[in-house]
Amino acid sequence: MSALALAGCDDQAWNDPYPKQSATANTVYTAFSEQPKHLDPAISYTAEEWLFIAQIYEPVLEYNYLLRPYTLQPLTATAMPKSVYDPVANTTTYRITIKPNILYQPHPALAQDASGTYIYHNLTMQQARQYQSIQDFAHTGTRELTAADYVNQIKRLADPSLNSPIFGFMSPYIVGLQQLREQLATAYTANHCELCLDLRSYDLTGAKVIDNYTYEIKIHGKYDQFKYWLEMLFFAPVPWEASKFYCQPGLDDHNINLDTYPIGTGPFYLLENNPERRMLMQRNPNFHDEYYPSVGMPDDQAHGLLINAGKKLPFLDQIMFSLEKESIPYWDKFMQGYYDRSGISSGNFNSALSQSSRSIQLNQSLVDKGVRLSISDDLSVGYWGFNMLDDVVGGYSEQARNLRRAIGLAFDVQEFITIFANGRALVANGPIPPGIAGYTASKPVDVAANLQQAKELMKAAGYPGGRDKDGRKLQIYYDVVSSGDPNQRSVIGWVVKQFNKLGIDLIVRSSDYNRFQDKLRSGAIQFFALAWNLDYPDPENALFLFYGPNARVNYDGENAVNYSNPQFDLLFKKFKALGDDPQRLKLIPQMLAILQFDAPWIWGYFPQDYILSNPWYGNTKPNPVSLNTLKYVQIDPNMRAQLRLQWNHPIVWPMFIVLVVLIVLIMPAIIGYKLSTKQKARRVK
């Protein structure tokens, strides 16, 4: 009976996980797999966390959604920042002017009474502890975005209580940032009872407010790539009121802080933060005027990406992120229409795609449903690295170089991509990924010829057949991070197999993430695998991984292999100094040749993103360099509701079969019971 009732429901699918009123809501439904740890823009530094806060915070610059190559453009700035170099002081000053009339989202930190006094800035401990979440505050307020808010955030990068992950990188550039860090550390020691300091009372030489809408940033020397950092969330504005509000004793007892409840000027704000279940974003009612781009690439018109040209953003009312730790439930809900987009895991690859020697095709069942596939090159590189400080695999002797080259040639990276990524990656021959100036495609590889050459190099290195001059087998230690990934054992086995081709014993050492990072920092490591996601679309952000002063050991930089070659360093410094000069690109082949010669990496692979979109999800163009793109998304909620009903008809005929079987099984018992009852009745008579 219940099955028939479900089948008769004509306004909502029987298995719909969302409330009935949400069937036609202008809401995007998506998922996240890892609970965000930090939503404070001074601290957050993962793509998973930026997916949330990129919709909330607004730096002065952003990347154009449609244009390729990736192009910076003003967001809250009135124009691209102007820079002036002072050769005497050897400093560069960037002057930035922001647009007027940009308002913050409604927030209790900005709530004021009729006299202009902040309502919630002087809570007692007892009062603060009464609030369980940000929604418990009865009053909210807003104010205009100012240049001082951007300067306040730059100061926050130096705050030792926050421990911003980019302080070490930015302190040599931003004038006075290191000195401010020391000044704040002293102040915290002197005022140890205070939770935080009012940064308005501290000056930063390298960040100066000119007027309400203009500020300057001064950096040491020339560093034209600094403009890319201005697009990153580390340089998004944070009002002083937020620090004042959140630093009140008692609020943090209920996890009410800037790390859980951001405050921004972006198109959305965080309405609900429940990372164990869902994250719900709401359209910011105070969002300033911003419009869908009117100019794109030649094929954007044909793909329908300019239909909304000039229309006001955002198009959505809400974004609901649900926690999905496993890929199978995510995939099932996408197929049922309960998630609007989906990636493709290895386990779901064959359900979604058909692979031939020539191409990868979307399966016909998905084509019939109107599902669309988009493929884009991710701005990242996966690699295997040698610690160049190690006595065996490191160093710059001919023997060490031959050993590293031999191992690199033995690695069949294309096989790795086929087995573990279903072909969704490109073989790398350097650190610069596709879509970035200086990228060169890898040529087809003769695996057998490479292996033969590798064996010859092993002889030249003094390890014929993988044995040293005393006949002992060469042993190399491979450090990995233990994880819950069921494929990890297979991946490790494949790597061991590559070393076995040369007669080398690879000894695997597994440790947790923190211990692995300690080994990298101390240099107590030989061989390992890592990946690097580019922060911005410039070859400098890939090549700096080999710059000597960026070494992990001693400098705690991103040069994890501790590579140091004076010739490379000299070219790299010249490369950086040229800024946007086209001549800089001519230096890239020279630097890559040096890296190929020294072989500090096994050039791994460039991952590709395969994303599926249901037919009601529009304005989709892959943009791996930018995450603030949900403001461009448009959906057709009525189409979604209709297709959900169509795709989720309950199958009731098995219920009837079960019912018939039950009747057949139960009838003898019923008949027997009735007969025994009649017999008892006769005896009683």
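Structural data are supplied above this passage.
In this numbering scheme, every chain counts its residues from 1 along its sequence in written order. Given that this is a predicted model, residues contribute local features only at a pLDDT of at least 70 and side-chain atom pairs are listed and counted only at 80 or more, while totals for whole chains, interfaces and linings are drawn from all residues. In computing side-chain values, all of the structure's heavy atoms are included and hydrogens and water are not.

**A look at the overall build of the protein chain**
Here is step 1: The helix and strand tally for the protein chain stands at 22 helices and 22 strands.
Here is step 2: Along the first, second and third principal axes, the C-alpha atoms of the protein chain reach 115 × 85 × 55 Å.
Here is step 3: For every residue, the accessible area (1.4 Å probe, protein chains only) is compared with the maximum for its type, and the residue is labelled buried under 20%, exposed over 50%, or partly exposed between those bounds. When burial is assessed residue by residue, the protein chain has 51% of its 685 residues classed as buried.
Here is step 4: A contact between two residues is defined here by any heavy atoms of the two lying within 4.5 Å. Taking as baseline every contact in the protein chain between residues at least 6 positions apart, the subset at least 24 positions apart corresponds to 72%.
Here is step 5: The accessible surface values rely on the Shrake-Rupley method and a 1.4 Å probe; as for residues, cover is taken only from the protein chains in view. Split by element, the accessible area of the protein chain, about 32,200 Å² in all, is 53% carbon and sulfur.
Here is step 6: Counting rule applied: Lys, Arg positive; Asp, Glu negative; His and chain ends not counted. Lys charges are placed at NZ, Arg charges at CZ, Asp charges at CG and Glu charges at CD. Computed over 62 positive and 66 negative side-chain charges, the inter-centroid distance for the protein chain is 7 Å. Working definition: helices are DSSP H or I runs of at least four residues, strands are E runs of at least two. Numbering for both runs from the N terminus.

**Concerning the packing of aromatic side chains**
Here is step 1: Geometry of aromatic contacts follows a simple scheme: Phe, Tyr and Trp rings, the Trp one being its six-membered ring, pair when their centres are within 6.5 Å, and the pair is stacked under 30 degrees between planes, edge-to-face over 60, tilted otherwise. Here the structure, examined in full by the defined rule, presents 54 aromatic pairs.
Here is step 2: Taking the centre distance of 6.2 Å and the plane angle of 35° together, the rings of Tyr45 and Trp50 count as tilted.
Here is step 3: Overall, Trp50 belongs to the buried group, its relative accessible area being 14%.
Here is step 4: Both rings, one in Phe169 and one in Tyr173, keep their centres 5.7 Å apart while their planes meet at 50°; by these two values the pair is tilted.
Here is step 5: Of the residues examined, Phe169 reaches a relative accessible area of 22% and is grouped as partly exposed.
Here is step 6: Take Tyr173: its relative accessible area is 13%, and that puts it in the buried class.
Here is step 7: What links up through ring pairs into an aromatic cluster is the set Tyr383, Tyr396, Phe546, Tyr547, Tyr563, Phe568, Phe572, Phe575, Trp601 and Trp603.
Here is step 8: The positively charged end of Arg200 is found above the aromatic ring belonging to Trp240, 3.6 Å away from the centroid.
Here is step 9: We call a charge positioned over a ring when the NZ of a Lys or the CZ of an Arg lies within 6 Å of the ring centre and within 35 degrees of the ring normal. Above the face of the Phe575 ring, Arg584 is positioned so that its terminal group lies 4.2 Å from the ring centre.

**Overview of the nonpolar core**
Here is step 1: The biggest cluster of nonpolar side chains holds 129 residues, and the ones touching the most others in it are Val60, Phe137, Tyr215, Phe226, Trp229, Phe235 and Met591.
Here is step 2: Once residues lying within four places of it in the same chain are set aside, the contact partners of Phe226 are Tyr94, Met170, Ile174, Ile217, Ile219 and Phe235.
Here is step 3: Here the nonpolar core consists of buried residues drawn from Ala, Val, Leu, Ile, Met, Phe, Trp, Tyr and Cys, with membership extended through side-chain atoms lying within 4.5 Å. Phe411, Met458, Tyr463 and Val495 belong to the second-largest nonpolar core, a separate cluster that totals 32 residues.

**Thoughts on the sheet that holds strand β10 (residues 318-323)**
Here is step 1: Here we have four strands laid out as an open sheet, ordered β1-β10-β9-β8, and mixed in their pairing. Of all the strands in the sheet, just β1 (27-32) and β8 (268-274) have a single pairing partner and so form its edges. With direction set aside, neighbouring strand axes in the sheet form an average angle of 20°.
Here is step 2: Note on pairing: DSSP must find at least two bridges between two strands before they are called paired. Inspection of the sheet shows strand β9 (residues 278-283) paired to β10 by five bridges, in the antiparallel sense. From the neighbouring strand, Met279 faces β10, where its bridge partner is Phe321. Axis definition: a line fit to C-alpha positions, over the contact stretch in the case of helices; interaxial angles, taken between N-to-C directions, run 0 to 180 degrees.

**Concerning the sheet that holds strand β5 (residues 91-97)**
Here is step 1: Read across the open sheet, the four strands follow the order β4-β5-β7-β6; overall the sheet is antiparallel. Two strands close off the open sheet at either side, each with one partner strand: β4 (82-86) and β6 (207-211). Adjacent strand axes in the sheet meet at a mean angle of 25°, parallel and antiparallel pairs treated alike.
Here is step 2: In the sheet, β6 pairs with strand β7 (residues 214-220) via four bridges, with the strands oriented antiparallel. Across the sheet, Asp211 pairs through a bridge with Thr214, a residue of β7.

**Considering the state of the cysteines**
Cysteine pairs can be covalently joined through their sulfur atoms, and such a bond is termed a disulfide.
Here is step 1: When two cysteine sulfur atoms are found within 2.5 Å, that pair is recorded as a disulfide. On inspection of all chains with the given rule, the structure shows one disulfide.
Here is step 2: The partner cysteine of Cys196 in its disulfide is Cys247, sulfur to sulfur 1.9 Å. On the criterion of sequence distance, the pair formed by Cys196 in the loop between α6 (177-190) and β6 and Cys247 in the loop between α8 (240-246) and β8 is long-range, its members being 51 residues apart.
Here is step 3: Owing to a relative accessible area of 23%, Cys247 belongs among the partly exposed residues under this scheme.

**Notes on a nonpolar patch on the surface**
Here is step 1: On the surface, Ile657, Val661, Leu662, Ile663, Leu665, Ile666, Met667, Ile670 and Ile671 cluster together to form a nonpolar patch covering roughly 790 Å² of accessible area.
Here is step 2: With respect to the helices and strands, the residue Ile670 is situated in helix α22 (residues 653-684).
Here is step 3: Ile670 sits in the partly exposed class, given a relative accessible area of 36%. A residue counts toward a patch only above 30% relative accessible area and without a salt bridge, and it is joined to like-charged neighbours within 9 Å or, for Val, Leu, Ile, Met, Phe, Trp and Tyr, to nonpolar neighbours within 5 Å. Salt bridge criterion: a side-chain nitrogen from Lys or Arg within 4 Å of a carboxyl oxygen from Asp or Glu.

**Here's the deal with helix α20 (residues 588-598)**
Here is step 1: Regarding α20, the residues found buried are Ile588, Met591, Leu592, Ile594, Leu595 and Asp598. Viewed end-on, α20 has its buried residues packed into an arc of 155°, placing them on one side of the element.
Here is step 2: Buried residues in α20 make contact with α12 (398-410), α17 (540-543), α19 (566-577) and β20 (601-613).
Here is step 3: Of the residues one or two after α20, Ala599 is the one with positive phi, at around 55°. This arc describes the spread of directions from the helix axis toward the C-beta atoms.

**Examining the pattern of salt bridges**
Here is step 1: A complete count under the given rule lists 26 salt bridges for this structure.
Here is step 2: Between Asp149 and Arg143 there is a salt bridge whose closest N-O contact spans 2.7 Å. In this pair, the class of Asp149 matches that of Arg143, namely buried.
Here is step 3: Between Asp470 and Arg472 there is a salt bridge, and its shortest N-O distance comes to 3.2 Å.
Here is step 4: Since its relative accessible area comes to 53%, Asp470 is described here as exposed.
Here is step 5: In this structure Arg472 comes out as exposed when scored by relative accessible area, which is 52%.

**As for α12**
Residues that lie three or four places apart on an α-helix share one face, since the helix turns once every 3.6 residues.
Here is step 1: Taking 1.5 Å of rise per residue, the 13 residues of α12 would be expected to cover 18 Å, and the 18 Å separating its terminal C-alpha atoms lies within 8% of that figure.
Here is step 2: Residues of α12 that are buried include every one of Ala400, Arg401, Asn402, Leu403, Arg404, Ala406, Ile407 and Ala410, and no others.
Here is step 3: On its buried face, α12 sits against β15 (380-386), α14 (447-460), β17 (475-481), α15 (488-500), α20 and β20. Multiplying one less than the number of residues by 1.5 Å gives the expected span of a helix.

**Considering the side chain of Thr265**
Here is step 1: Position of Thr265 among the secondary structure elements: in the loop between α8 and β8.
Here is step 2: For Thr265, a relative accessible area of 1% gives the class buried.
Here is step 3: Side-chain polar atoms of Thr265 contact the side chain of Glu58, separated by 2.6 Å.
Here is step 4: For Thr265, the residues in contact, after removing those within four places along its chain, are Ile56, Glu58, Ile102, Leu103, Tyr104, Leu145, Asn284, Phe287 and His288. Polar contact is the term for a pair of N or O atoms within 3.5 Å; when the atoms are in protein, one must be able to donate a hydrogen and the other to accept it, and sequence-neighboring residues count only if both atoms are side-chain atoms.

**Digging into the side chain of Asn623**
Here is step 1: Here Asn623 is to be found in the loop between β21 (617-618) and β22 (634-635).
Here is step 2: When near neighbours in sequence (up to four residues on either side) are disregarded, Asn623 contacts Asn64, Tyr65, Arg68, Tyr70 and Thr629.

**Digging into the pairing of β17**
Here is step 1: In this structure, β17 lies alongside strand β18 (residues 505-511), joined through seven bridges in parallel fashion. Within β18, the residue paired with Tyr477 across the bridge is Ile507.
Here is step 2: Looking at chain direction, β17 and strand β19 (residues 527-533) are connected through two bridges and run parallel. Within β19, the residue paired with Tyr478 across the bridge is Phe527.

**Some words on the environment of Ala128**
Here is step 1: Looking at the secondary structure, you find Ala128 in helix α3 (residues 125-128).
Here is step 2: The spacing of Ala128 and Leu251 is 123 residues in sequence and 5.3 Å in space, taken between C-alpha atoms.

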